[in-house]
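Examination of the molecular architecture
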Amino acid sequence: MNVYFYKEPFLKLLLMEKTPKIQKKLFSDIKQAAKALSSSVSYSQNVLIRLHNDEDGSCAALCISSIFSSSIISSSPKIISFPSNSATYSLEDAYIDSNILSKDKSTAVILDFGANLESVDALKEIRQTAQKLIIIDHHPFCKEARELADVFVSPLSHELESKYRSEERRGGKECRS
């Protein structure tokens with residue numbers, strides 16, 4: 001099943017001939033996330049979206065949510081979205097999310113936070129319940145958090161810039177490796 005932003009003409013527009021090679025790698029990650037979400041939708045899997053409750057987290061959630069409101073989707077997965085005021089994905093949030101998702105048919109999407117060292121225990125918790133874990137974040141990330149995700153999208157994983165520094169904006173420990 002194709003979702004609007006996953007269709008090849010749109011990706012070709014994004015990737016254009018002049019796009020640097022390193023950005024093409026990032027768009028490859030975006031395509032992988034689109035495929036994973038498309039698969040979840042086509043199999044009517046429940047999708048939980050946990051977002052950082054700020055401007056970029058909310059915008060990311062709107063973009064992801066628009067997939068599910070598309071008229072081309074014939075199935076009816078259960079889509080649940082929760083904001084989080086913390087820059088860290090907490091164990092408390094992970095316990096709540098785990099109770100909401102069913103073990104056999106679920107996808108957890110973590111937007112704009114949750115890739116730092118302080119989030120690893122919570123990511124391990126949600127990993128036990130979610131069939132798929134997608135993390136989309138532009139903040140400094142921890143290698144262990146990246147490895148827990150089925151799909152990880154970050155400009156920093158491809159040496160692209162982000163204007164956020166973990167110590168200044170998030171109060172966390174930078175652990176990108």
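Here is a short report on the structure shown in this document. (Residues numbered from 1 in each chain as written. Predicted model: local features only at pLDDT ≥ 70, side-chain atom pairs only at ≥ 80, totals over all residues. Heavy atoms only, no water.)

If you walk through the whole model with that rule in mind, you get four salt bridges. For Lys-124, the salt bridge is made with Glu-144, and the minimal N-O distance between the two is 3.0 Å. Highlighted residues: Lys-124 in helix α5 (residues 120–129) and Glu-144 in helix α6 (residues 143–148), separated in sequence by 20 residues. Given the relative accessible area of 37%, Lys-124 is considered partly exposed. The shortest N-O distance in the salt bridge between Asp-150 and Arg-127 comes to 2.5 Å. Taken as a pair, Asp-150 in the loop between α6 and β5 (151–153) and Arg-127 in helix α5 lie far apart in primary sequence, 23 residues in all. Judged by its relative accessible area of 36%, Asp-150 is partly exposed. Exposure remark for Arg-127: the relative accessible area of 23% places this residue in the partly exposed category. In this structure, a network of salt bridges that share partners links the residues Arg-50, Asp-93 and Asp-97. (Salt bridge = Lys/Arg side-chain N within 4 Å of Asp/Glu carboxyl O. Helix = DSSP H or I, 4+ residues; strand = E, 2+ residues; numbered from the N terminus. Buried < 20%, exposed > 50% of the residue type's maximum accessible area, 1.4 Å probe, protein only.)

This part covers the sheet that holds strand β4 (residues 132–136). Taken in spatial order, the five strands make up an open sheet running β2-β1-β3-β4-β5, and their pairing is parallel. Either end of the sheet is taken by a strand with one partner, and the two such strands are β2 (79–84) and β5. Ignoring which end each strand starts from, the neighbouring axes of this sheet average 10° apart. In terms of strand pairing, strand β1 (residues 46–52) meets strand β3 (residues 106–111) through six bridges, oriented parallel. Note that in β3 the partner of Arg-50 across the bridge is Ile-110. Running at roughly 160° to β1, helix α4 (residues 91–100) makes contact with β1 and β2 of the sheet. (Pairing = 2+ DSSP bridges. Axes fitted to C-alpha atoms, helices over the stretch in contact; angles between N-to-C directions. Contact = heavy atoms within 4.5 Å.)

For the rest of this paragraph, the subject is the side chain of Asp-97. By secondary structure assignment, the location of Asp-97 is in helix α4. According to the relative accessible area criterion, Asp-97 is buried, its value standing at 0%. Of the polar contacts made by the side chain of Asp-97, one reaches the side chain of Arg-50; its length is 2.6 Å. For Asp-97, the contacting residues outside a window of four places in its chain are Leu-48, Arg-50, Phe-82, Tyr-89 and Ile-126. (Polar contact = N/O pair within 3.5 Å; in protein donor to acceptor, adjacent residues only side chain to side chain.)

Next up on the list: α5. Because the α-helix completes a turn every 3.6 residues, residues three or four places apart line up on one side. Buried within α5 we find Val-120, Ala-122, Leu-123, Ile-126 and Thr-129. Angularly, the buried residues of α5 cover 170° about the axis, an arc narrow enough to put them on a single face. In this fold, the buried residues of α5 make contact with α4, β3, β4 and α6. (Arc of directions from axis to C-beta.)

For the rest of this paragraph, the subject is the nonpolar core. In terms of nonpolar packing, the biggest core is built from 22 residues, with Tyr-89, Ile-110, Leu-123, Ile-126, Leu-133 and Ile-135 touching the most fellow members. At the level of elements, β3, α5, β4 and α6 are the ones that each hand at least two residues to this core. Tallying contributions element by element places α5 first for this core, with four residues. With residues up to four places along the chain from it excluded, the contact list for Ile-135 reads Ile-110, Phe-113, Gly-114, Ala-115, Leu-123, Ala-145, Ala-149, Val-151, Phe-152 and Val-153. Residues Leu-51, Val-109, Leu-111 and Val-151 belong to the second largest nonpolar core, which totals 14 residues. (Core = buried A, V, L, I, M, F, W, Y, C linked by side-chain atoms within 4.5 Å.)

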